[in-house]
Amino acid sequence: MLVQALKDQGVDTVFGYPGGAVLPIYDEIFQQNDVRHVLVRHEQGAVHAAEGYARSTGKPGVVLVTSGPGATNAVTGLTDALMDSIPIVVFTGQVPTFMIGSDAFQEADTVGITRPCTKHNWLVKDTNTLSGVIHEAFHVATSGRPGPVLVDIPKDVQFATGTYTKPSPTASHYQPRVKGDLEEITELVAAMEKAKRPVFYTGGGVINSGPAASQLLRELVDATGFPITSTLMGLGAYPASGKNWLGMLGMHGLYEANLAMHDCDLLINIGARFDDRITGRIDAFSPKSTKAHIDIDPSSINKVIKTDIPIVGDVAHVLEDMLKVWKSRGRKTNAEAVAKWHMKINDWRKVDCLAFTAGDKTIKPQQALARLEALTKGRDRYITTEVGQHQMWAAQYLTFEDPNRWMTSGGLGTMGYGFPASIGVQMAHPESLVINVAGEASWLMNMQEMGTAVQYRLPVKQFILNNERLGMVRQWQELLHGERYSHSWSEALPDFVKLAEAFGAKGIICKDPADLDDAIMEMIDHDGPVIFDCLVEKHENCFPMIPSGKAHNEMLLGEAETQGVIQAGGAVLV
Amino acid sequence: MSALHIKKGATKHSAYNLRPSFSDVQERHTIAVLVENEPGVLARVIGLFSGRGYNIESLTVAEVDHTGHLSRITIVTTGTPQVIEQIKAQLGRIVSVHEVHDLTVEGASVERELAMLKVVGDGEKRVEALRLADIFRANVVDSTLSSFVFEITGAPEKIDAFADLMRPLGLSEIARTGIAALMRGD
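Conventions and cut-offs
Residues numbered from 1 in each chain as written. Chains lettered and ligands numbered in written order. Predicted model: local features only at pLDDT ≥ 70, side-chain atom pairs only at ≥ 80, totals over all residues. Heavy atoms only, no water. Helix = DSSP H or I, 4+ residues; strand = E, 2+ residues; numbered from the N terminus. Buried < 20%, exposed > 50% of the residue type's maximum accessible area, 1.4 Å probe, protein only. Contact = heavy atoms within 4.5 Å. Areas by Shrake-Rupley, 256 points an atom, 1.4 Å probe, with all protein chains shown as cover. Pairing = 2+ DSSP bridges. Axes fitted to C-alpha atoms, helices over the stretch in contact; angles between N-to-C directions. Expected span 1.5 Å × (residues − 1). Salt bridge = Lys/Arg side-chain N within 4 Å of Asp/Glu carboxyl O. Phe/Tyr/Trp six-rings, centres within 6.5 Å; stacked < 30°, edge-to-face > 60°. Parallel < 35°, antiparallel > 145°, perpendicular 65-115°, else oblique. Left-handed = near helix turned anticlockwise from the far one by under 90°. Nonpolar A, V, L, I, M, F, W, Y, C, P; charged D, E, K, R; others polar. Core = buried A, V, L, I, M, F, W, Y, C linked by side-chain atoms within 4.5 Å. Arc of directions from axis to C-beta. Polar contact = N/O pair within 3.5 Å; in protein donor to acceptor, adjacent residues only side chain to side chain.

Draft legend 1. Fine view of the overall build of chain B. A count of helical and extended segments in chain B gives 4 helices and 9 strands. Listed by position from the N terminus, the elements making up chain B come as β-α-β-β-α-β-β-α-β-β-α-β-β. Considering chain B as a whole, with its 186 residues, one finds that 40% of them fall into the buried category. The long-range fraction of contacts in chain B, counting pairs at least 24 apart against all pairs at least 6 apart in sequence, stands at 74%. Summed over all atoms, the accessible surface of chain B reaches about 9,800 Å², with 54% contributed by carbon and sulfur.

Draft legend 2. Focus on the sheet that holds strand β4 (residues 88-94) of chain A. Residues and elements named next belong to chain A. Spatially, β2-β1-β3-β4-β6-β5 is the arrangement adopted by the 6 strands of the open sheet, whose pairing is parallel. What marks the edges here is a single partner per strand, and that holds for β2 (36-39) and β5 (120-123). Strand-to-strand twist across the sheet, computed as the mean angle between neighbouring axes with direction ignored, equals 20°. Bridging between strand β3 (residues 61-65) and β4 involves 5 bridges; their strand directions are parallel. Across the sheet, residue G61 finds its bridge partner in β4, namely I88.

Draft legend 3. Up close: unusual backbone geometry. Residues and elements named next belong to chain A. For the bond from F543 to P544, the omega torsion is -5°, close enough to zero to count as cis. Within the secondary structure, P544 sits in the loop between β18 (530-535) and α24 (568-571). Not every positive phi belongs to a glycine, and S286 is a case in point at roughly 35°. In this structure, S286 sits in the loop between α13 (276-279) and β11 (290-295). We note that R331 has phi near 50°; this positive angle belongs to a residue other than glycine. In this structure, R331 sits in the loop between α14 (315-328) and α15 (335-349).

Draft legend 4. Quick look at α14 of chain A. Residues and elements named next belong to chain A. The terminal C-alpha atoms of α14 lie 20 Å apart, and with 14 residues this matches the ideal 20 Å at 1.5 Å per residue to within 8%. Among the residues making up α14, those that are buried are V315, A316, V318, L319, D321, M322, L323, V325 and W326. Summarising the contacts, the buried residues of α14 are in contact with α9 (182-194), α10 (204-209), α11 (211-224), β10 (266-270), β11 and β12 (309-312).

Draft legend 5. Structural detail: the pattern of salt bridges. Residue and element names in this part refer to chain A. On inspection of all chains with the given rule, the structure shows 34 salt bridges over all chains. Linking D275 and R273 is a salt bridge whose minimum nitrogen-to-oxygen distance equals 3.3 Å. Overall, the relative accessible area of 19% leaves D275 in the buried class. Among the residues examined, R273 registers a relative accessible area of 24% and is labelled partly exposed. Note that R371 and D517 form a salt bridge whose closest N and O atoms lie 2.8 Å from each other. Of this pair, R371 sits in helix α16 (residues 365-376) while D517 is found in helix α23 (residues 516-525), placing the two residues 146 residues apart along the sequence.

Draft legend 6. Layout of the packing of aromatic side chains. Evaluation of the coordinates by the stated rule reveals 15 aromatic pairs over all chains. Judged by centre distance (5.9 Å) and plane angle (90°), the ring pair of W341 of chain A and W348 of chain A falls under edge-to-face. The pair W341 of chain A / W348 of chain A is uniform in exposure class, with both members buried. With centroids separated by 5.5 Å and ring planes inclined at 35°, the aromatic side chains of F148 of chain B and F150 of chain B adopt a geometry described as tilted. For the residue pair F148 of chain B and F150 of chain B, the accessibility class agrees, reading buried in each case.

Draft legend 7. Inspection of the sheet that holds strand β2 (residues 58-65) of chain B at higher detail. All names here are of chain B. Ordered by their spatial adjacency, 4 strands build an open sheet running β2-β3-β1-β4, and the pairing between neighbours is antiparallel. In this open sheet, the two strands that pair with only one neighbour each are β2 and β4 (97-102). Taking each pair of neighbouring strands and ignoring which way they run, the sheet shows an average axis angle of 20°. Two elements, β2 and strand β3 (residues 70-79), share 7 bridges in a ladder whose sense is antiparallel. Bridge assignment links S58 to a residue of β3, and that residue is V76. Packed on one face of the sheet, helix α1 (residues 41-51) meets β1 (27-36), β2 and β3 and runs near 10° to β3.

Draft legend 8. Structural context of the pairing of β11 of chain A. Residues and elements named next belong to chain A. Counting buried positions along β11 yields 5 of 6 residues, so the element is predominantly enclosed. Here 5 bridges tie β10 to β11, and the two strands are oriented parallel to one another. Of the residues in β11, the one forming a bridge with I268 is A292. One ladder, built from 4 bridges, connects β11 with β12; its direction is parallel. Bridge pairing in β12 links A292 to I309.

Draft legend 9. Fine view of the packing of helix α12 (residues 255-263) of chain A against α15 of chain A. All names here are of chain A. Where α12 meets α15, the axes come as close as 8 Å, and the angle between the chain directions of the two elements is 140°. Here α12 is positioned oblique relative to α15, judged by the angle of their axes. For the pair α12 and α15, the crossing hand works out as right-handed. Between α12 and α15, the residues in contact are Y255, E256, L259, A260 and D263 and W341, K344, I345, W348 and R349, respectively. Across the contact of α12 with α15, the residue classes break down as 6 nonpolar, no polar and 4 charged.

Draft legend 10. Molecular detail of the nonpolar core. Residue and element names in this part refer to chain A. Formed by 101 residues in total, the largest nonpolar core has its most connected members in L369 and F463. Here this core gets 8 residues from one element, more than from any other, and that element is α14. Ranked by size, the runner-up nonpolar core spans 40 residues in total, among them F15, V38, V63 and V65.

Draft legend 11. Main features of helix α22 (residues 496-503) of chain A. Residue and element names in this part refer to chain A. Looking at α22, one finds that the buried residues are F496, V497, L499 and A500. Angularly, the buried residues of α22 cover 160° about the axis, an arc narrow enough to put them on a single face. The exposed set on the far side of α22, more than 90 degrees from its buried face, consists of K498 and A502. Where α22 is buried, its residues touch α19 (440-445), β16 (461-466), β17 (506-510) and β18. Between the side-chain oxygen of the N-cap and the backbone nitrogen of V497 there are 3.0 Å, and the N-cap of α22 in question is D495.

Draft legend 12. Highlighting the packing of α11 of chain A against α14 of chain A. All names here are of chain A. For the pair α11 and α14, interaxial distance at closest approach is 9 Å and the crossing angle is 30°. Overall, the two elements α11 and α14 adopt an arrangement that is roughly parallel. For the element pair α11 and α14, the recorded crossing hand is left-handed. Facing A213, L216, L217, E219, L220, A223 and T224 of α11, the residues of α14 in contact are V315, A316, L319, E320, M322, L323, W326 and K327. For the contact of α11 with α14, the residue count by class is 11 nonpolar, 1 polar and 3 charged.

And the structure:
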C-alpha cells in the first residue's frame, strides 16, 4: 500500500536503510521496479540525500528507515530540513501497536522525538487510514512553507491489509493562503515608485516557490532597475551575471550588499526571514528604510524585524500581482534617484572586497574556488557544500545563474550535509556535474556515504579544501578567544587518496598552485566519484565579516582590522 | 461551527493582522485555539510554548465537537505585544490547529474557572466557612463532621478572594480547572 501511494504521489526515488520494523515495506519494494531505492550507509545520510534531491528538483524527497536508531539517526536531517524549509517525507518503521510502550527492541517514541523537528508527523495505527495519511503527508510537506514530515508505521499495520484511497488535493483542511493582500501589494508598489534607494533582499522562499517565482523576480528586477541581494539560501534566483546583482549579504556577505542594506530607504524582503546571520545588530539594522516583507509564513513577519508593509503569500503569486499593479499604475520609478543610488553602490563595489593574493607556494582556498569556478562555469553544474569557511568562500566565489543549483545547510549549519546531499542531487541529475565543496572536518562526518556513491556509480566530486583545521572555529578563536586554538585542529587525518582507493573510487591530491588547474580538470573528466584533497593555506580567514554584535556598516574587510573587534557583548552571540 | 459560537473571519484581528505596535509592556491575553482532536495535539501546543520560551499561566483543554473531532484549548499567556503576535502566528502554523482567537483583543469575552476547596476545622471556623461560602455562592459538594469540600465557579479573581478567606479557616487543599472563556454576544 505504501509503495502504491508513493507511485501515486509521483515518487521515483527513495533513500533508505532497512531494519526489522520496515521489513514488510522492503519486501514490497523488492517486488517492483517503479520506485528506485537508494541504500545509504547511515540514516542521516538518507535524509540529507533526500534534501539534495528535493532542492535540486523542487519535488519532495522521500526517506524510509527503521524504528528506534533508524528514526533517531534521522533527527539531524529533519531539523536541517525544517530550518531550511525543504519538503521531505520520512517513513519510519515502528514496533507493532500492541508492543508500543513496552520498551520493545528498537522502540523509540518517534513521533514524540520528532514532533519539534518536523512540520507535522503521524503515527498510523490502522491500515485503513494509512493511504490517507501518506497523501496528507505529501500535501503538508509541499504546501505553504515547505518542510519535513514523518509518518511512523507500526509493523503490524504494515502487514495488515486495508482499503486504499487515491490522493485528493481538497481532502485536507490544511490550505495555507497563497495570494497576497492586494491593498498591501498596492502600498508596496506605491513605495517602490517613490523610493530613492531601494533594494531587493531575497531568500530561499523564492527558490521554494518554484521556477515561476525566479522568472517573475528577474522580470521585476530588470524592469525596475532596483539592485538585488540574496541570502545564502536564495542564491541563483536572480542570476549572478545580472546587472543589478549585488552578491550575497550577511555576516560573510559582500561589502556593497551589506552597505546597500544599511543605507537603503526601501527594503523589499522577498522570501527571506531576517535571520541573525543577515541582520547583525538588530537595533542598527537598515535604520533608514521602510521595510516590506513577503512571506508565506505569517510567523516570519515581525518575528525579528518590525515590518511596515507585511504581505502574507506565496512569492510567485505576490510577484505576479506586484508586476500587474506596478504596470497598471504606469511602470513608474524614481529613475534619477535610483541611478544615483547605483553610482553610490558602484563606489562600494570598487572596494573589491573579495580580492585576494593568490599564493605561489601554497594554494589559497579562495584561489581554489576561483579556479573551480573558472573551469566549471557554463557547465550543467550543481554545487553542494558542507558547513564552515569553505561554505562561505563557495558562496562568495562561485556564481549561480539559475535556481535549484546550490544546496547548502543554511539555518541549522549541519556539518556532514554536503556529501550525502551531493548523492541525492546526482541521483536526480545523473548526467550533470555535481560538486560538493567541503572542508576535511565536515566531510569526515558522513564519509561512510562513499560506499553509496561507489555502489550506485554516482560521479560526485568531493572538492575538499583541506586546512587540517576547523577553519571557522579557528577563525573565531583567533578573533575572540585570544588565539587559544582549543581542539580546532585535526592531528590524525586520513590519507584521502588512499581512502578513495579503499572505497574503489579515485583520489587526487593537490598542494602546488601550479598543478591546480590540471588537477581540477582531472577531477571533472573522471567518470566516477572523486575525492579531491586540496591542501590549502592553514590560517586563512574568511572575509568580509560582520563581527557578532556589530552592524552592517561595521564590516571587517581583512586581517589588519581584526584586533579586538568583538566586544564582550558580541562574544556571547554565536 | 456556529454551535461553538466562533465565526471564522468574524473579526479583523485574525492571525494575519500583522501590524502590532512594538512595546515592552507585558500584556495578559486569553487565547482560544480550536484544534483537531488527535493524539499528541496538546503536546504540539505545549511544546511550542516551552520550545520558544513563552509563558503559560493557565491552560484548559477538552473536546467540544465530537462529530467534527475538535477540541478547544484555552490558554492564558503573558508577553509583550510582539511576543503575543508571535504566539498567535506560531499557533496558527501548527497543522492540527484550525482556528486561533485572541479573546483579549477580539472584543468583550467572559472568563470562568471552577475550583474545589477542602476546608478542615470545627466549631466557629466551620460555621464561618459555611457562611462565607453562601456569600460567594459556593456549593458544598462533600461534608464530614470535620470538613467541607466547596465548589465555586467564577472569574479567577473571585476564586482567589474566596481561597484567601478560607485559608485561616482551615483550607487544606485546592484544585482549579484553569480558565474557560468565550466571546460575549452572538
